[in-house]
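# Coordinate analysis (summary)
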Amino acid sequence: MMTLKEKIQSFVNNLLDYGPILLTVLVGAYAAAATINSNLSDNELLQWILGILVLIATTQLVDRFRVLRSNDKKLDQILTLSQGTGGTKGFLLDSMPDLRERLKAAKSIAISGVSLAGTSNNYHPILQERLRSGIPVRLLVTDPDEKKPVADVAVYRIEKTQDPNVLRRSVNYSLETFSLLLNVDPKKKLKIRLLPFPTMYGIWMLDFGTDEAEIWVELYAFRKTPEPAFQLLPRRDGEWYEFFADQFEKMWAASNDWDVINKVKIVKPNS
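Treat the numbers as computed from the prediction; the structure is a model and nothing was measured.

## Concerning the sheet that holds strand β3 (residues 190-195)
Taken together, the 8 strands give an open sheet; going across it, the order is β6-β5-β4-β1-β2-β3-β7-β8, and neighbouring strands pair in mixed fashion. Looking at strand neighbours, the two that pair on one side only are β6 (229-232) and β8 (264-266), the edges of this open sheet. Between one strand axis and the next, the sheet turns by 20° as a mean value, whatever way the strands run. As judged from the 6 bridges shared by strand β2 (residues 137-142) and β3, these two strands associate in the parallel manner. Across the sheet, residue R138 finds its bridge partner in β3, namely K191.

Put into structure tokens, the structure is as follows:
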């Protein structure tokens with residue numbers, strides 16, 4: 001989504017690019033009409049012709065500047081790539097950015113992660129406000145069931161601890177915190193599911209299916225922090241945006257519902 005500054009810059013660029021062309025057409029049309037409907041002297045007619053020629057020359061000059069500007073931009077991109085500064089540094093961040101302001105305007109929110117403990121703390125007020133406004137929120141976390149080996153495997157890669165019980169406590173804490181959101185969820189828009197297998201990345205999917213849609217992917221490193229993240233936009237990133245959107249939906253479909261009211265897992269048949 002374009003910022004106000006970007007919109008103003010785009011408008012000014014379009015005005016500079018196409019303004020002289022439109023002005024030339026309008027002046028030429030007016031001169032033609034004036035020549036037909038009035039008796040102009042040779043001097044007046046010559047002035048009109050000279051004026052139109054000046055506008056045409058100005059239009060050609062602006063067009064040349066536009067081509068040069070485009071070529072300069074492309075050359076900068078080529079130089080950036082050739083110098084190695086446009087690789088992963090061009091899109092890969094050291095860690096997930098703070099998305100609290102972005103979530104305030106989101107019309108749908110879907111988040112997957114290992115425990116989402118940080119999300120339950122830092123984003124709780126935002127999620128409250130969104131649910132109060134009737135915005136759907138889906139949360140997907142690791143299944144903390146002690147009878148399942150999910151946490152035992154998932155915790156193996158975490159840098160600060162390899163104790164599965166610590167991870168289970170973290171997930172259960174998040175589930176308890178998220179359950180408090182029921183107090184501001186009159187339309188029952190909160191959905192939580194438990195992932196029955198370790199995941200390689202966290203996904204934040206916002207405004208899915210709208211013009212403002214975006215996805216943030218957090219890569220889970222092996223015993224290394226911070227963990228890199230990158231943004232995907234549907235128009236810009238096409239198939240990769242669709243890939244990670246599909247990944248979230250597949251994980252969601254393969255997971256078990258968490259009954260937020262009774263605080264129990266609803267196990268699917270054959271799960």
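## Some words on a nonpolar patch on the surface
A cluster of nonpolar residues, L46, I49, L50, L53 and I56, forms a patch on the protein surface that exposes about 440 Å² of accessible area. Along the chain, the position of I56 falls in helix α2 (residues 42-82).

## A few points about the packing of aromatic side chains
Overall, the coordinates contain 8 aromatic pairs when judged by the stated rule. Judged by centre distance (6.1 Å) and plane angle (15°), the rings of F248 and W252 are stacked. Taken as a pair, F248 and W252 lie in helix α8 (residues 234-254) at a separation of 4 residues, close to a single helical turn. Feature note: the residues Y201, F230, W240, F243 and F244 constitute an aromatic cluster, connected by ring pairs. The side chain of R138 reaches across the aromatic face of W252, ending 5.1 Å from its centre. Geometry around Y156 places R223 over its ring, the cationic atom sitting 4.6 Å from the centre.

Definitions and cut-offs
- Residues numbered from 1 in each chain as written.
- Predicted model: local features only at pLDDT ≥ 70, side-chain atom pairs only at ≥ 80, totals over all residues.
- Heavy atoms only, no water.
- Pairing = 2+ DSSP bridges.
- Helix = DSSP H or I, 4+ residues; strand = E, 2+ residues; numbered from the N terminus.
- Axes fitted to C-alpha atoms, helices over the stretch in contact; angles between N-to-C directions.
- Patch = residues over 30% accessible without salt bridge, like charges linked within 9 Å, V, L, I, M, F, W, Y side chains within 5 Å.
- Areas by Shrake-Rupley, 256 points an atom, 1.4 Å probe, with all protein chains shown as cover.
- Salt bridge = Lys/Arg side-chain N within 4 Å of Asp/Glu carboxyl O.
- Phe/Tyr/Trp six-rings, centres within 6.5 Å; stacked < 30°, edge-to-face > 60°.
- Lys NZ or Arg CZ within 6 Å of the ring centre and 35° of its normal.

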